[in-house]
Amino acid sequence: MKYSKKELEPKFRQYYLDITERVASLSTCKRAQVGTVIVKDNKIISTGYNGSVRGTEHCTDVGCLMVDGHCMRCLHSEINAIAFAEKDDLKRATLFCTHKPCLSCFNLLAQVGITDVVYINDYGKHEGEVAEYYYKVKRARGINFHKGTTDYY
């Protein structure tokens, strides 16, 4: 099978998904350890993990700040990875993540031009209008989702 992007070939996809799990281990949130790797032209351009805003207290030190089942103290890994990437590198890049992006992160990655998302674990369930919106944005922006695994071999 021919892949349009080298990073989507199984051996490279496995490699980048393995790295997302390593990056997730740096998370400072007790609730969830999530890691993101952004790749373009088979080169890592940025990584991110969920953690507190720079210079503020971490969940590992003071506990999570929970609202409706979500930690408000931490930035999501996708946001951190995008924040530390060069803007032009994000266009047509592939985002690898330990968890499927939430709707807010999905909107951000659509806005910056990421075209492929490979994730290991599902996150949340999108139904009704939200699922319809997700589909419309994916189609309008040409975003492809691929559910990956870290055990191809």
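We now examine the pattern of salt bridges. Per the counting criterion, the structure on display carries 4 salt bridges. Notably, a salt bridge pairs aspartate 116 with lysine 5, separated by 2.8 Å at the nearest N-O pair. Remark: lysine 5 occurs in the segment before helix 1 (10–24) and aspartate 116 occurs in strand 8 (residues 116–121); sequence separation between them is 111 residues. Residue aspartate 116 is classed as buried on the basis of its relative accessible area of 5%. For lysine 5, a relative accessible area of 15% puts it in the buried group. One salt bridge in this structure joins glutamate 132 and lysine 136, with 3.7 Å as the shortest N-O distance. Pair noted here: glutamate 132 and lysine 136 are both in helix 6 (residues 128–141), with a separation of 4 residues, about one helical turn. On the basis of relative accessibility, which here comes to 47%, the residue glutamate 132 falls in the partly exposed class.

Here we come to helix 5 (residues 103–112). Within the span of helix 5, buried status applies to Cys105, Phe106, Leu109, Ala110 and Val112. In this fold, the buried residues of helix 5 make contact with helix 3 (77–83), helix 4 (87–90), strand 7 (94–99), strand 8, helix 6 and strand 9 (144–147). In the segment just after helix 5, glycine 113 is the residue with positive phi, at about 100 degrees.

Quick look at the sheet that holds strand 1 (residues 35–40) now. Taking strand neighbours across the sheet as the criterion, the 5 strands line up as 2-1-7-8-9 in an open arrangement whose pairing is mixed. The sheet is open, and its two edges are formed by strand 2 (43–49) and strand 9, each paired on a single side. The sheet shows a mean angle of 20 degrees between the axes of neighbouring strands, direction not considered. Sheet topology places strand 7 next to strand 8; 5 bridges connect them, and they run parallel. Across the sheet, the residue bridging to phenylalanine 96 is valine 118, located in strand 8.

Calculation notes
Residues numbered from 1 in each chain as written. Predicted model: local features only at pLDDT ≥ 70, side-chain atom pairs only at ≥ 80, totals over all residues. Heavy atoms only, no water. Salt bridge = Lys/Arg side-chain N within 4 Å of Asp/Glu carboxyl O. Helix = DSSP H or I, 4+ residues; strand = E, 2+ residues; numbered from the N terminus. Buried < 20%, exposed > 50% of the residue type's maximum accessible area, 1.4 Å probe, protein only. Contact = heavy atoms within 4.5 Å. Pairing = 2+ DSSP bridges. Axes fitted to C-alpha atoms, helices over the stretch in contact; angles between N-to-C directions.

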